[in-house]
There are 2 protein chains.
Amino acid sequence: MTDAPAPGRGWVAVVGLGPGDPRYLTPSAAAILAEAEDLIGYFPYVARVPERPGLVRHASDNRVEVERAAHALALAAAGRRVAVVSGGDPGVFAMAAALFEALEAGDPAWRRLTITVEPGITAMLAAAARVGAPLGGDFCAISLSDNLKPWEVVTARLEAVLRAGLVVALYNPISRARPWQLGAALRLAAEHRGSETPVVLARAVGRDDESVRVLPLAEAADAPADMATLVIIGAESTRLIPREGATPYVYTPRSVEAAR
Amino acid sequence: MTDAPAPGRGWVAVVGLGPGDPRYLTPSAAAILAEAEDLIGYFPYVARVPERPGLVRHASDNRVEVERAAHALALAAAGRRVAVVSGGDPGVFAMAAALFEALEAGDPAWRRLTITVEPGITAMLAAAARVGAPLGGDFCAISLSDNLKPWEVVTARLEAVLRAGLVVALYNPISRARPWQLGAALRLAAEHRGSETPVVLARAVGRDDESVRVLPLAEAADAPADMATLVIIGAESTRLIPREGATPYVYTPRSVEAAR
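Residues numbered from 1 in each chain as written. Chains lettered and ligands numbered in written order. Predicted model: local features only at pLDDT ≥ 70, side-chain atom pairs only at ≥ 80, totals over all residues. Heavy atoms only, no water.

**Q** Please provide a residue-by-residue account of the sheet that holds strand β12 (residues 239–241) of chain A, values included.
**A** Residues and elements named next belong to chain A. The three strands lie next to each other as β6-β13-β12, forming an open sheet whose pairing is mixed. Of all strands in the sheet, those bounded by a partner on one side alone are β6 (132–133) and β12. The pairing of β6 with strand β13 (residues 249–251) spans two bridges and is classified as parallel. For A133, the partnering residue across the bridge sits in β13 and is Y251. (Pairing = 2+ DSSP bridges. Helix = DSSP H or I, 4+ residues; strand = E, 2+ residues; numbered from the N terminus.)

**Q** Give a description of the relation of the copies chain B and chain A that names residues and reports values.
**A** Aligned on chain A, chain B shows an RMSD of 0.0 Å; the corresponding rotation is 180 degrees and the shift along the axis is 0.0 Å. These values place the two chain copies in the arrangement generated by a two-fold rotation axis. Every residue of chain B has its C-alpha some distance from the rotation axis, and the shortest such distance is that of C140 of chain B, at 1.9 Å. When you check the interface residues of chain B against chain A, 100% turn up at the interface there too, and the contact is symmetric in its surfaces. (Least-squares fit on C-alpha atoms with pLDDT ≥ 70 in both. Contact = heavy atoms within 4.5 Å.)

**Q** So, the environment of C140 of chain B: which residues are in play, and what are the values?
**A** Secondary-structure assignment places C140 of chain B in strand β7 (residues 139–143). The exposure class of C140 of chain B is buried, given its relative accessible area of 0%. Each C-alpha atom of the pair C140 of chain B and I232 of chain B lies 9.7 Å from the other, and the pair is 92 residues apart in sequence. Excluding residues within four positions of it along the chain, C140 of chain B makes contact with F139, C140 and L166 of chain A together with V161, L166, V167, V168 and A169 of chain B. (Buried < 20%, exposed > 50% of the residue type's maximum accessible area, 1.4 Å probe, protein only.)

**Q** Quick rundown of the state of the cysteines? Include the residues and the values.
**A** Within this structure, the stated rule accounts for zero disulfides over all chains. Not engaged in a disulfide, the cysteine C140 of chain B finds its nearest cysteine sulfur in C140 of chain A; these two sulfurs lie 6.8 Å apart. (Disulfide = S-S within 2.5 Å.)

**Q** How would you explain the interface of chain B and chain A if you had to name every residue and give the values?
**A** If you look at the interface, chain B gives 70 residues, while chain A gives 70 residues. Both faces considered, chain B and chain A share a buried interface measuring about 5800 Å² in area, 62% of it formed by carbon and sulfur atoms. The three residues of chain B that bury the most area against chain A are D138, R157 and R254 of chain B, which together make up 13% of that side's buried surface. There are 10 salt bridges connecting chain B and chain A. Between R254 of chain B and E101 of chain A there is a salt bridge, and its shortest N-O distance comes to 3.0 Å. At the surface where chain B touches chain A, the tally comes to 22 residue pairs in polar contact (both at pLDDT 80 or more). The element that contributes the greatest number of residues to the side of chain B that touches chain A is helix α4 (residues 95–105) of chain B, accounting for seven residues. Across the side of chain B that touches chain A, the residue classes break down as 44 nonpolar, 12 polar and 14 charged. Taken together, the three bridges between strand β7 (residues 139–143) of chain A and β7 of chain B define a ladder with antiparallel strand orientation. The residue bridging C140 of chain A from the neighbouring strand is C140 of chain B, located in β7 of chain B. (Buried area = accessible area lost by both parts, 1.4 Å probe. Salt bridge = Lys/Arg side-chain N within 4 Å of Asp/Glu carboxyl O. Polar contact = N/O pair within 3.5 Å; in protein donor to acceptor, adjacent residues only side chain to side chain. Nonpolar A, V, L, I, M, F, W, Y, C, P; charged D, E, K, R; others polar.)

Without other data, these values stay purely geometric and don't point to any function.
Written out as structure tokens, the structure reads:
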């Protein structure tokens, strides 16, 4: 009976699981998961956390982020210790923003709960590490999903960062419901950067089915990709170092020349 | 004698130590550090790795990144197992790009070495997690250091991302040699975003002397900051949720309205 819920002891932690391999889960996140009584999240992320007695799983489908967050807050208000799990980092196109949206819109009493966010290795860092240092200069992270923002905003942002010379990491590049956005983004990139600009397509980094390819920009639009793919478009200065029997290293030098 | 160096067995790993607290060091990075014979890096990062018999430390001052990287590659070519350590993530304004610069410019034989990059929790993820979810929308990471790029490039990039509505994380905001750049960047931001836009100044997150402040943009330029500070400038949509007795939560909603 020591674990009976009691109002006041509940908490919500939004936890980043990293790219998938448990060796990338931080000890801090692992400690929180070990304390949690309820696990809330998109089902493949919930499935990553090992079973143990007393752990209640609430796995849900994609696209119900705010409902899921409100559920977590309500459970914590009832005295439960709740971990909301995200792949990668929860603050990067994942559950943390949804949690605070639900907090702001919900029961004012929820604001007295203990709410923490546990950072994780986000996909662009894992993908970059696999190929070298493509994010070596200034860079940005843009979600290609137009579920929550108009496509014109996506393209305006892409144009701005392409013109400004930033390396571009694309999250949520493609899905069954959004099949053409990645191709459109890469064609837009080709208007601003040379056809040989390195593009990294990193799928499921840190998982058993990992595959990482490096292609010139001119060929990248035709390469297969899916929801688990993270795309990095190099800057004009991004370079390849060939190596035998492996994908070339990709890196962006730290120095930038004066504007021409 | 089993550990005598032998050409062919050497490797270089560029390892991200995360923000400082060992609970944010990934098990994968910790395993690499446990295997390393030589530790190379800026002295405060080298000092973070616990002493153990057989571990040789090569701590150096700031601003000698490429020399340090070449040293690491030469040691590995002589058969040593070398960890090059960076705070945060080594691919984000840290040692990984310098390592590949040294590799490309150096002895062609170095290209046959085993070179890996171990990702880490970079400062903007740690800082964001402390206050909520300020990176909840599209965002960018820009270094304010003009040691390696002209200041005009920095301001042109800032203007572009401020106009485009991205959340902006500023690395290397200020130092004794660069005292005015952060103020200039924040004044530029104030030309594009409202005076109440939340700005996060997060110093030494995950270390004993951590301090995190959230200020309106109009006041941020006068706030103290140093080399260990990571600055996040919110988007127009970034919101505060007040809470009793603590810094308000800061988050950027996932949705973006159509352009006005």
